[in-house]
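Structure at a glance
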Amino acid sequence: MCYETTARPPAPPIQGGAATGESITLKASDGNEFAAFSAKAADAGGPGIVVLPDVRGLHAFYEDLALRFAEQGVHAAAFDYFGRTAGVGRRSDDFDFWPEVMKTKPDTVALDVAASVDHLRSPAGGGATSIFTVGFCFGGGNSFNQAARGHGLSGVVGFYGRVVPRDESDSDAPIDKAERFECPVLGLFGGTDQMITADGIEAFGKALDAAGVAKELKIYDGAPHSFFDRAFDQFKAECDDAWTRILGFIEANSSR
């Protein structure tokens, strides 16, 4: 699993402002209703970000993260993958998420992202004018792939998301979709992550370069998978740097 149940995201190195958050239900274009958490910055307009969780779906970690983004002036919507198969109710920490993960499909994830993007652009979501995605592990790869889904995104961010095919049957790897990416990419990876190799990250970077896609792929030497956790004091510098890169990426790619 990506995180312990008690894990929470590290705070940004820069103190933020006021923010409000609430649990909501969104509806995708195919009629699917799914749980989400919406966090609004103090001021309307500006950037917004869709948060794609790890395999657990809408965990408290991601609700907390949405609020941290909103405190930095970025409206955020973290959403749950499992509305179609497990409903919209809150779940306990012992929820058996793997069967639900196996039922997810790239097309339906994209539909739920589209609904989350629409929410952020609406007054209820903050009226965001530039939209980004950020994802973690399972959500990291899915976040990269949203660049090819026609959402009108300003950029995509992925933490330790798999970028090359898992095996010969994997047809959803970001490296194979790079030529269709429509926005810049920021990738953040742990150097000791056994699931995502430096060779794979390098190959992804070359595919993005070949497609003319602006990219920044950062590997933190010595950091493991799921290093972005406030409990990991030894990786505070890496977490601070990751926050700085994300907020700088949003600033650089937001419409004025």
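Residues numbered from 1 in each chain as written. Predicted model: local features only at pLDDT ≥ 70, side-chain atom pairs only at ≥ 80, totals over all residues. Heavy atoms only, no water.

Of regular secondary structure, the protein possesses seven helices and eight strands. For 256 residues, the compact-globule estimate of 2.2 N^0.38 gives 18 Å, and the protein sits close to it at 17 Å. With respect to the principal axes defined by its C-alpha atoms, the protein has extents near 40 × 40 × 35 Å. Burial status across the protein gives 54% buried among its 256 residues. A separation of at least 24 residues holds for 73% of the contacts in the protein among residues at least 6 apart in sequence. If you sum the accessible surface of the protein, you get close to 10900 Å²; carbon and sulfur atoms cover 49% of it. (Helix = DSSP H or I, 4+ residues; strand = E, 2+ residues; numbered from the N terminus. Rg over C-alpha atoms; globule rule 2.2 N^0.38 Å. Buried < 20%, exposed > 50% of the residue type's maximum accessible area, 1.4 Å probe, protein only. Contact = heavy atoms within 4.5 Å. Areas by Shrake-Rupley, 256 points an atom, 1.4 Å probe, with all protein chains shown as cover.)

Right, let's talk about the nonpolar core for a bit. In terms of nonpolar packing, the biggest core is built from 76 residues, with Phe69, Phe159, Phe181, Phe227 and Phe228 touching the most fellow members. Looking at this core element by element, the count peaks at seven residues for helix H7 (residues 236-253). If we skip the residues at most four places from it in the chain, Phe181 touches Phe144, Asn145, Ala147, Ala148, Pro174, Phe204, Leu208 and Val213. (Core = buried A, V, L, I, M, F, W, Y, C linked by side-chain atoms within 4.5 Å.)

For the rest of this paragraph, the subject is the environment of Val74. Positionally, Val74 belongs in the loop between helix H1 (60-71) and strand S4 (75-79). Spatially, the C-alpha atom of Val74 lies 7.4 Å from that of Lys40, the residues being 34 residues apart in sequence. Apart from the residues within four sequence positions on either side, Val74 is in contact with Ala41, Pro47, Gly48, Ile49, Phe69 and Ile250.

Taken in spatial order, the eight strands make up an open sheet running S1-S2-S4-S3-S5-S6-S7-S8, and their pairing is mixed. Each end of this open sheet is capped by a strand with a single partner; those strands are strand S1 (19-27) and strand S8 (215-220). Neighbour-to-neighbour, the strand axes of this sheet turn through a mean angle of 15 degrees, independent of strand direction. Looking at chain direction, strand S3 (residues 47-52) and S4 are connected through four bridges and run parallel. Residue pairing in the sheet places Gly48 in a bridge with His75 of S4. Packed on one face of the sheet, helix H5 (residues 138-145) meets S3, strand S5 (130-136), strand S6 (155-159) and strand S7 (185-190) and runs near 150 degrees to S5. (Pairing = 2+ DSSP bridges. Axes fitted to C-alpha atoms, helices over the stretch in contact; angles between N-to-C directions.)

Bringing the environment of His151 into the picture now. Along the chain, the position of His151 falls in the loop between H5 and S6. Placed 146 residues apart in sequence, His151 and Thr5 show a C-alpha to C-alpha distance of 32 Å. Excluding residues that lie within four positions of it along the chain, His151 makes contacts with Ala110, Val113, Ala114, Val117, Arg121 and Gln146. Within the structure, the side chain of His151 is placed 2.8 Å from the side chain of Gln146, a separation counted as a polar contact. (Polar contact = N/O pair within 3.5 Å; in protein donor to acceptor, adjacent residues only side chain to side chain.)

Successive side chains on a regular strand alternate, one facing one side of the sheet and the next facing the other. Both S1 and strand S2 (residues 33-41) contribute to a ladder of nine bridges, which runs antiparallel. Paired with Thr20 across the two strands is Lys40, which belongs to S2. Where S1 hands over to S2, the hairpin turn is made up of five residues, of which Gly31 adopts a positive phi near 95 degrees.

To continue, consider the packing of aromatic side chains. Summed over the entire model, instances satisfying the criterion amount to 24 aromatic pairs. When the centroid spacing of 5.4 Å and the interplanar angle of 50 degrees are considered together, the rings of Phe144 and Phe204 count as tilted. Taken together, the positions of Phe144 in helix H5 and Phe204 in helix H6 (residues 198-211) put the pair 60 residues apart, joining distant regions of the chain. The two residues Phe144 and Phe204 agree in class, both being buried. Feature note: the residues Phe61, Tyr62, Phe69, Phe136, Phe159, Tyr160, Tyr220, Phe227, Phe228 and Trp243 constitute an aromatic cluster, connected by ring pairs. Over the face of the ring belonging to Phe95 we find Arg91, whose NZ or CZ atom lies 4.8 Å from the ring centre. (Phe/Tyr/Trp six-rings, centres within 6.5 Å; stacked < 30°, edge-to-face > 60°. Lys NZ or Arg CZ within 6 Å of the ring centre and 35° of its normal.)

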